Structure formats: structure tokens, C-alpha cells
Amino acid sequence: MILILGGTGEARELAARVPAVSSLAGRVSAPRLPVGEVRIGGFGGVDGLAQWLRDNEIDAVVDATHPFARQITANAFEACGRVGVPFLVLRRPGFTPQPGWRWVGSVAEAAQDLPGERVFLTTGRQDLAEFASCPQWFLARMVEPPEPPMPQRIEVLLSRGPFTVDGELVLMRSHRIDVLVTKDSGGDMTSAKLEAARQLEVPVVIVRRPPLPPADTVADVDAAVRWLGTAGA
């Protein structure tokens, strides 16, 4: 059996093509479920995941989580190494860099010396606390309602992609956005805001992806399917 660590569109596509059990973190109340068997919730760290892999006789693990789901990727790499299960990272390519983007190493760094007065923030609800002391006005878009702490001047927009360039242009114009803060998540579902920012000449602050462990890595589902064939899963 294959374990897919999921939550992304790539994870759902892979689950539709190979027999697998998909694992979701459970951070979203109404996630988009893949086909096939699904489990929701954590494993209890590296030890818990390693034991789960043994108990369920897993033949291979594909980590198709969000590019910024750093902890589960690290845990899965270590757990697979312990029990001798083949491990693959499936990561979509990042956004194509554009002139004028300010690259930062973390969300905390993005909040430092933040330019502009009206910020379009799309880093996710778990990162709002990093901007709590910023004086700017924020339009923060996310899937689930946030919890404090958060900026004092904020409008929360609950929405789930995919988004269109035209829609993002209307949104940014109507809210008079003068800086975009986002993550290098890659993919088509959320790239429209970057094109809108380019057209409006709005500066972009973008958070670099965390480094990956030294594991086999592919960029698309076709390559993951081929890897699973060679891994004997």
C-alpha cells in the first residue's frame, strides 16, 4: 500500500491514479477529499509515523504536502529511513521570479520593514501573528477564520482558489493595495495575484520555500507515478 501525505491538488490527482491511503493534516474543517481511503490527523511525530508505517505495511510514501509544510516532510523523511520504506517528495515548481520581487527567508522577515500602507496578505492564517505589531492596513485572504493575535487594522476575506487575474485586479484596485505579501507556493490556483500585481506595478514580498531533505524529488504527478513503478509500490 502507498501512503500519500496530501492536501494539495497534486496529492488528489495522484490518489486518483494509484491505489493509496491519503493522509490529511486536518487543519481545514471542510477539506477537498481525494478518492480512495482517507485518514485525517497527525501521526504523533516521527515515532508515531514510523510505527504506523510498520503496522499498515506501507510499501512507499509520497509526500505531496504544501511546499511550506516543513515539519511533516522532515518527520516523514526520518520515519521512512528508520523503517526502510521508499520516500518521495512531490513538489510543484515555484513561481517564476520577476524583477522587483523582494525575496525573504521567512514570514517573520517579511513582516520586518514592510513597505506600503495597504497590504494584501496571502501567507495563511497561521502566520497572522507575525504581522500583529505592523501599523499597516491588511487585507488577509485565507480559507478558515483566523484567531488572535493579528494586526489591529485588518479585513479578513475567506476564499479558496483558483483565482483569476481579472478577479485579482478588481480586488486589489478596490482595496487600493500597494504591496503584496505571499509565499512561493507555486501552482496555477494562486498565481493570478502575482500577474495582477505586475500589471498594477504593486511591489511583491515573497517568502522562499524551506529546504527539502535529501530525498528523491519530482515536480509532477506523472513523474511520481513512474517513481512508484520503479520503487515496486
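Residues numbered from 1 in each chain as written. Predicted model: local features only at pLDDT ≥ 70, side-chain atom pairs only at ≥ 80, totals over all residues. Heavy atoms only, no water.

### Notes on the pattern of salt bridges
Point 1. Counted under the stated rule, the structure contains 9 salt bridges.
Point 2. Across the salt bridge formed by D222 and R17, the nearest N and O atoms sit 2.6 Å from each other. Pair noted here: D222 is in helix α7 (residues 221–231) and R17 is in the loop between α1 (9–15) and β2 (20–24), with a separation of 205 residues, a long-range link.
Point 3. Residue classification places R17 among the partly exposed positions, given a relative accessible area of 42%.
Point 4. The partner of E78 in a salt bridge is R82, with the nearest N and O atoms 3.1 Å apart. (Salt bridge = Lys/Arg side-chain N within 4 Å of Asp/Glu carboxyl O. Helix = DSSP H or I, 4+ residues; strand = E, 2+ residues; numbered from the N terminus. Buried < 20%, exposed > 50% of the residue type's maximum accessible area, 1.4 Å probe, protein only.)

### Remarks on the sheet that holds β2
Point 1. One open sheet accounts for 6 strands, arranged β3-β2-β1-β4-β5-β12; its pairing is parallel. Looking at the sheet topology across the chains shown, the edges are occupied by β3 (37–40) and β12 (216–218). Sheet twist, expressed as the average angle between the axes of neighbouring strands with direction ignored, equals 25°.
Point 2. In terms of strand pairing, strand β5 (residues 87–90) meets β12 through 3 bridges, oriented parallel. Pairing of L88 across the sheet is with D216, part of β12.
Point 3. Sheet strands in contact with helix α3 (residues 70–83) are β1 (2–5), β4 (60–63) and β5, and its direction is about 160° off that of β5. (Pairing = 2+ DSSP bridges. Axes fitted to C-alpha atoms, helices over the stretch in contact; angles between N-to-C directions. Contact = heavy atoms within 4.5 Å.)

### Here we look at the packing of aromatic side chains
Point 1. Tallied over the entire structure, the rule returns 4 aromatic pairs.
Point 2. Directly above the aromatic system of W137 lies the positively charged group of R118, at a separation of 4.0 Å from the ring centroid.
Point 3. Against the face of F163 rests R141, its NZ or CZ located 3.6 Å from the ring centre. (Phe/Tyr/Trp six-rings, centres within 6.5 Å; stacked < 30°, edge-to-face > 60°. Lys NZ or Arg CZ within 6 Å of the ring centre and 35° of its normal.)

### Side note on the packing of helix α5 (residues 165–174) against helix α6 (residues 192–200)
Point 1. Here α5 crosses α6 at 55°, and the two axes come no closer than 8 Å. Between α5 and α6, the interaxial angle falls into the category oblique. Crossing hand, α5 versus α6: right-handed. Here α5 contributes V165, E168, L169, M172 and R173 to the contact with α6, which in turn contributes A192, K193, E195, A196, A197, Q199 and L200.
Point 2. Partitioned by chemical class, the residues of the contact of α5 with α6 number 7 nonpolar, 1 polar and 4 charged. (Parallel < 35°, antiparallel > 145°, perpendicular 65-115°, else oblique. Left-handed = near helix turned anticlockwise from the far one by under 90°. Nonpolar A, V, L, I, M, F, W, Y, C, P; charged D, E, K, R; others polar.)

### Quick word on the sheet that holds strand β10 (residues 179–183)
Point 1. In space, the 6 strands of this open sheet follow the order β6-β11-β10-β7-β8-β9, with parallel pairing throughout. Edge strands, defined here as strands with exactly one partner in the open sheet, are β6 (102–104) and β9 (154–158). Taking the axes of each pair of neighbouring strands and ignoring which way they run, one obtains an average angle of 20° across the sheet.
Point 2. When β10 meets strand β11 (residues 204–207), the two strands line up parallel, connected through 4 bridges. Considered in β11, the bridge of K183 is made with V207.

### Some thoughts on α3
Point 1. Its 14 residues give α3 an end-to-end C-alpha distance of 21 Å, which sits within 8% of 20 Å, the value for a rise of 1.5 Å per residue.
Point 2. Burial in α3 covers these residues: T73, N75, A76, A79 and C80. Along the axis of α3, the buried positions cluster into a sector of 165°, meaning they face one direction only. The exposed set on the far side of α3, more than 90 degrees from its buried face, consists of R70, Q71 and G81.
Point 3. Those residues of α3 hidden inside the fold are in contact with β1, α2 (45–55), β4 and β5.
Point 4. A positive phi of about 75° marks G84, the residue just after α3. (Expected span 1.5 Å × (residues − 1). Arc of directions from axis to C-beta.)

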